[in-house]
Amino acid sequence: MATALRCFRHLPSLLYRSSFAMTQGLPRAPAGCPALLLAGCRQCVHQVLLTRQLATKKAKGKGQTQARVNISAALVEDIINLEETNEDMQAVVEALKEDFSRNLSVRTSPGALDHIIVMTKDGKFPLNQLGQISQKSPQLIIVNMTNFPESTAAAMKAIRESGMNLNPEVDGTIIRVPIPKVTREHRESLAKLAKQSTNKSKEALRKVRSKSINQVKKCKNKVSEDTIWLLEKQIQQMADSAAAEMDKLLAAKTKELLG
């Protein structure tokens with residue numbers, strides 16, 4: 001007991017050198033600490049420093065900017081792969097960006113029809129795998145279904161229900177797709193689709209965030225509450241950053257569509 005008391009008498013001086021501890025690693029236990037108490041002494045210092053940091057963050061009032069959490073991925077790799085979580089979130093952002101580029105354009109082009117999904121008796125297929133798509137004139141796109149004539153009706157339905165304001169006409173195995181005039185109503189319809197796509201992407205983002213936070217919570221018996229709190233905070237910050245990027249994409253696309 002006396003040895004332990006001598007050990008903790010040095011704790012204030014260790015805390016005084018906290019800036020050194022944060023940059024160079026925790027200081028060594030004071031002389032006289034038995035080997036049995038060495039790890040505990042260092043853990044105590046780390047816990048107090050961590051608690052001080054958390055108290056500073058939690059004490060800030062509403063509306064004030066809080067410092068960003070940035071935990072080294074290597075230190076928590078046995079709990080969660082933060083880099084993989086960030087990649088999953090960015091993949092959702094990229095999918096939204098691709099959807100905007102492919103499907104939400106004021107001017108309909110042959111490429112816009114490529115990835116329309118057609119439901120056939122053999123499964124789901126992109127339109128460009130079933131028919132040859134070409135632009136006959138600035139006002140007309142042709143889809144030649146000669147290779148899969150049995151899927152012509154299904155392709156017609158998929159084009160009509162694509163949300164691109166298209167009204168295809170069929171002549172045997174040839175589907176004619178008149179390109180509609182760019183009206184204000186059409187622009188507003190595309191802007192609504194952009195909003196809907198963004199909301200779906202944000203829902204996918206929330207699923208990634210929830211999955212990651214649940215994974216962290218499963219380790220609550222292995223690490224401190226403060227570590228769990230910091231990880232949840234960083235995951236939330238990553239999700240907020242991805243959502244903000246989506247909002248910027250939506251704002252830019254809406255401006256492009258509405259002119």
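Parameters at a glance
- Residues numbered from 1 in each chain as written.
- Predicted model: local features only at pLDDT ≥ 70, side-chain atom pairs only at ≥ 80, totals over all residues.
- Heavy atoms only, no water.
- Pairing = 2+ DSSP bridges.
- Helix = DSSP H or I, 4+ residues; strand = E, 2+ residues; numbered from the N terminus.
- Axes fitted to C-alpha atoms, helices over the stretch in contact; angles between N-to-C directions.
- pLDDT = per-residue confidence, 0-100.
- Contact = heavy atoms within 4.5 Å.
- Buried < 20%, exposed > 50% of the residue type's maximum accessible area, 1.4 Å probe, protein only.
- Parallel < 35°, antiparallel > 145°, perpendicular 65-115°, else oblique.
- Nonpolar A, V, L, I, M, F, W, Y, C, P; charged D, E, K, R; others polar.
- 1 Å grid on protein atoms, 1.4 Å probe; cavity = no way out; pocket = protein on both sides within 12 Å on 5 of 7 lines; lining within 4 Å.
- Points joined across faces, edges and corners; volume = space filled by probe spheres on them.
- Domains from an automatic or database assignment.
- Salt bridge = Lys/Arg side-chain N within 4 Å of Asp/Glu carboxyl O.
- Core = buried A, V, L, I, M, F, W, Y, C linked by side-chain atoms within 4.5 Å.

**Student:** Where do I start with the sheet that holds strand β6 (residues 174-178) in this structure?
**Tutor:** Hydrogen bonds between backbone atoms are what pair the strands of a sheet, whose relative direction is either parallel or antiparallel. Spatially, β3-β4-β6-β5 is the arrangement adopted by the 4 strands of the open sheet, whose pairing is antiparallel. Strands at the two margins of the open sheet, each flanked by one partner only, are β3 (132-137) and β5 (169-171). Strand-to-strand twist across the sheet, computed as the mean angle between neighbouring axes with direction ignored, equals 25°. Sheet topology note: the β5/β6 ladder contains 3 bridges and is antiparallel.

**Student:** Any chance you could explain the confidence of the model for the chain here in plain terms?
**Tutor:** Keep in mind that low pLDDT regions are not for reading the predicted coordinates in detail. A residue-level look at the chain finds 70% of positions with pLDDT of 70 or above and a mean pLDDT of 77. The low-confidence segment residues 1-63 (pLDDT under 50) makes 55 contacts with residues lying over four places distant or belonging to another chain.

**Student:** What is the right way to read the side chain of Ser151 from this model?
**Tutor:** Looking at the element boundaries, Ser151 is found in the loop between β4 (140-144) and α8 (152-160). Take Ser151: its relative accessible area is 5%, and that puts it in the buried class. Non-local contacts of Ser151, meaning those with residues more than four positions away in its chain, are made with Thr120, Leu130 and Met145.

**Student:** I'm lost on the packing of helix α9 (residues 184-217) against helix α10 (residues 225-258) in this one. Help?
**Tutor:** The packing of two helices is summarised by the inter-axis angle and the distance between the axes. The N-to-C vectors of α9 and α10 enclose an angle of 170°; their axes lie 10 Å apart at closest approach. Regarding the angle of α9 to α10, the classification is roughly antiparallel. Classifying every residue of the contact of α9 with α10 by side-chain character gives 16 nonpolar, 4 polar and 11 charged.

**Student:** Would you mind going over the layout of surface pockets with me for this structure?
**Tutor:** Left-over empty space is what a probe sized like a water molecule reveals as it rolls over the atoms. Considering only enclosed or pocket space, the second largest pocket measures out at about 480 Å³ in volume. In terms of lining residues, the second largest pocket is bounded by 19 residues, among which Asp99, Asn103, Glu161, Ser162 and Gly163 are the most central. For the lining of the second largest pocket, the elements supplying multiple residues, two or more each, are α5 (82-103), β1 (117-120), α8 and α9. Ranked by residues supplied to the lining of the second largest pocket, first place goes to α9 with 5 residues. When its residues are assigned to classes, the lining of the second largest pocket shows 9 nonpolar, 6 polar and 4 charged. Residues from two domains meet in the lining of the second largest pocket; each of domain 1 (73-104 + 183-258) and domain 2 (110-178) gives at least three.

**Student:** Please clarify how the pattern of salt bridges should be interpreted in this entry.
**Tutor:** Side-chain pairs of opposite charge can arise where the charged atoms are in close proximity. All told, the structure shown has 6 salt bridges when counted by the stated rule. Between Asp171 and Arg176 there is a salt bridge, and its shortest N-O distance comes to 3.4 Å. Taking the relative accessible area as the measure of exposure, Asp171 reaches 45% and is therefore partly exposed.

**Student:** Sorry, what's going on with the packing of α5 against α9 here?
**Tutor:** Orientation of α5 relative to α9, taken along the N-to-C sense of each, is 170°, at an axis distance of 10 Å. Comparing their axes, α9 and α5 come out roughly antiparallel. The segment α5 lies against α9, with Thr85, Asp88, Met89, Val92, Leu96, Asp99 and Phe100 engaging Ala194, Ser197, Thr198, Ser201, Ala204, Leu205, Val208, Arg209 and Ser212. Residue composition of the contact of α5 with α9, grouped by class: 8 nonpolar, 5 polar and 3 charged.

**Student:** Please clarify how the nonpolar core should be interpreted in this entry.
**Tutor:** Note on soluble globular proteins: their nonpolar side chains tend to be buried together. With 28 residues, the main nonpolar core has Ile79, Ile80, Met89, Val216, Leu231 and Ile235 as its most contacted residues. Those elements giving two or more residues to this core turn out to be α5, α9 and α10. Broken down by element, the residue count for this core peaks at 10 residues, all from α10. Counting residues in hydrophobic clusters, the runner-up holds 18 residues, among them Leu113, Val118, Met156 and Ile175.

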